[in-house]
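# Structure assessment
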Amino acid sequence: MQKKIKVGIIGMGYIGTSHIEALHRIGFVDLVAVTDVNYELAKKKADEFGIPKCYRTIDELIADPEIESIHDCTPNHMHTEINKKIIEAGKHVFSEKPLARSSAESAEVLEALKKHPDTVAGLNFCYRMYPLIQEMKVRVQDGEIGKVYLVHGSYLQDWLLKETDYNWRIEPEYTGVSRCVGDIGSHWIDLAQTITGSRIVEVCANTVIALPTRKKPLGQVETFAVNSNAQYEEKKITTEDYAGVIVKFANGASGVFQCSEISAGRKCFIDIEVDGAKASFHWNHEMGDRMWKGNRDEQNVEIMRNPNLMPPEIRQYSQLAAGHAEGWNDAFKNSIEAYYRFIRDGKKLGKDKPDFATFEDGHYIMKITEAIIQSAKEKRWIEVC
Ligand SMILES: NC(=O)c1ccc[n+]([C@@H]2O[C@H](COP(=O)([O-])OP(=O)(O)OC[C@H]3O[C@@H](n4cnc5c(N)ncnc54)[C@H](O)[C@@H]3O)[C@@H](O)[C@H]2O)c1
């Protein structure tokens, strides 16, 4: 039997727990250690999930000779420092998105990677790993809908609608140059670029800070948790609640998307449509097991995820039979599994093209994010360069 790949995780908050669960579903990896700046939390997770080692510091976990691959599940402001440390220790790294707070930071991480060409670095833009997104990508890039004219959609949430809603993502020191675009718009951008196989090269944006002040609780609030703390300080807000963005792609396609964290009733509403010369495809995350094909001269078709009808390169991302709903946990596991298959199969970045997002992808999305913020500030089109 092949030796299992030994793994460690840094950051045991909201998303760190999902990484534990996903790793436990992959047979050829072995999660051996965790750490968090909040040691008690890390210990609790280690005990709950039967993880043998719990370290007090990042450095101890990185130095563990048994560990070959490390997941960075910390908030954005820690990504650059931690990802660089992992790379410089000669280990593979799977980081949460966005890659950094700015493109200057993400460029630093790419520099570190250049000196370690055998390191596999993956970024968790997990929505691209829905089987039907992979299917749409293959069908669009095989020319089924003809030349792509338009890409449009949105990513809407409501978890920051009230002035008492608060999280580290509100503050630029932690989140970076952008909040709403960096945190969720970046996922939509990744979907659009993955499906079309083309990069966004120009943007024209309007951003909105609907709540210019918020009530910051005295004490930390977990991601997506309802704040029950009654003690607040008034905080001036400088990160956007909403962005509306017109985009141009390198292949000549045009598009528009909006992202919002203040749209009541919208929880994780990701919607994307690609309109080509012959037909269109549409997918919505809240019905992620279905996609729609729009035709001009024949009936429109609803396509159900069906592994029996998928080519092997897509079928590998769909475990359950058609009609047995797959969802976010499955796409999330696909993202991590694609990264570990790449390592297991001895593939190399720069030579082999992975299905998961790379740090290069993440760096480019940081540049798009910055261009969007600059465009909104200067009220003009900005080229992404
Ligand atoms: N891929 C996705 O769909 C997705 C979803 C949610 C979050 N995320 C990303 O995951 C990251 C974490 O987000 P979250 O919602 O889990 O945040 P969180 O606040 O729930 O958890 C972050 C954890 O990191 C720990 N931490 C902070 N500084 C640390 C340090 N110096 N050393 C060790 N641990 C440290 C905190 O104690 C906390 O437990 C963010 O970058 C976010 O963008 C991605």
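Residues numbered from 1 in each chain as written. Predicted model: local features only at pLDDT ≥ 70, side-chain atom pairs only at ≥ 80, totals over all residues. Heavy atoms only, no water.

### Quick look at the sheet that holds strand β6 (residues 121–123)
One open sheet holds the seven strands; their spatial order is β3-β2-β1-β4-β5-β6-β17, and the pairing between them is mixed. Both edges of this open sheet fall to β3 (53–55) and β17 (357–358), since each of them pairs with a single strand only. Sheet topology places strand β5 (residues 92–95) next to β6; three bridges connect them, and they run parallel. Counted as the bridge partner of F94 is G122 from β6. Here helix α2 (residues 39–49) sits on the sheet in contact with β2 (29–35) and β3, set at roughly 170 degrees to β3. Strands in contact with helix α4 (residues 76–88) are β1 (5–10), β4 (69–72) and β5; relative to β5, the strand with the most contacts, it is inclined by about 160 degrees. (Pairing = 2+ DSSP bridges. Helix = DSSP H or I, 4+ residues; strand = E, 2+ residues; numbered from the N terminus. Contact = heavy atoms within 4.5 Å. Axes fitted to C-alpha atoms, helices over the stretch in contact; angles between N-to-C directions.)

### Things to note about the domain arrangement of the protein
Often the size quoted for an interface is simply the accessible area lost on bringing the parts together. Taken as a whole, the protein is organised into domain 1 (5–126) and domain 2 (128–383). Relative to domain 2, the C-alpha centre of domain 1 lies at a distance of 22 Å. Listed by partner, the interface residues are 46 residues for domain 1 and 47 residues for domain 2. A buried area of about 3900 Å², summed over both sides, lies between domain 1 and domain 2, and 68% of it is on carbon and sulfur atoms. The largest share of the area that domain 1 buries against domain 2 comes from R25, F125 and C126, three residues that together contribute 20% of it. (Domains from an automatic or database assignment. Buried area = accessible area lost by both parts, 1.4 Å probe.)

### Side note on unusual backbone geometry
Looking along the chain, the bond that leaves K97 and enters P98 is cis, with omega of -15 degrees. Note on placement: P98 falls in the loop between β5 and α5 (103–114).

### Description of the packing of α4 against α5
The interhelical angle for the contact between α4 and α5, taken along N-to-C directions, is 5 degrees, at an axis separation of 9 Å. With respect to each other, α4 and α5 are oriented roughly parallel. Residues T80, N83, K84, I87 and E88 of α4 pack against E105, E108, V109, A112 and L113 of α5. For the contact of α4 with α5, the class distribution of residues is four nonpolar, two polar and four charged. (Parallel < 35°, antiparallel > 145°, perpendicular 65-115°, else oblique. Nonpolar A, V, L, I, M, F, W, Y, C, P; charged D, E, K, R; others polar.)

### Considerations on the pattern of salt bridges
Tallied over the full model, the rule gives 36 salt bridges. In this structure, the salt-bridge partner of E66 is K53, at a minimum N-O distance of 2.7 Å. One end of the pair, E66, is in the loop between α3 (58–63) and β4; the other, K53, is in strand β3, with 13 residues separating them in the sequence. We note a salt bridge from E337 to R341, for which the minimum N-O separation is 3.7 Å. Of this pair, E337 and R341 both sit in helix α10 (residues 328–344), separated by four residues, roughly a single helical turn. Both residues of the pair, E337 and R341, count as buried. Through salt bridges with shared partners, a single ionic network connects E135, R139, E144 and K293. (Salt bridge = Lys/Arg side-chain N within 4 Å of Asp/Glu carboxyl O. Buried < 20%, exposed > 50% of the residue type's maximum accessible area, 1.4 Å probe, protein only.)

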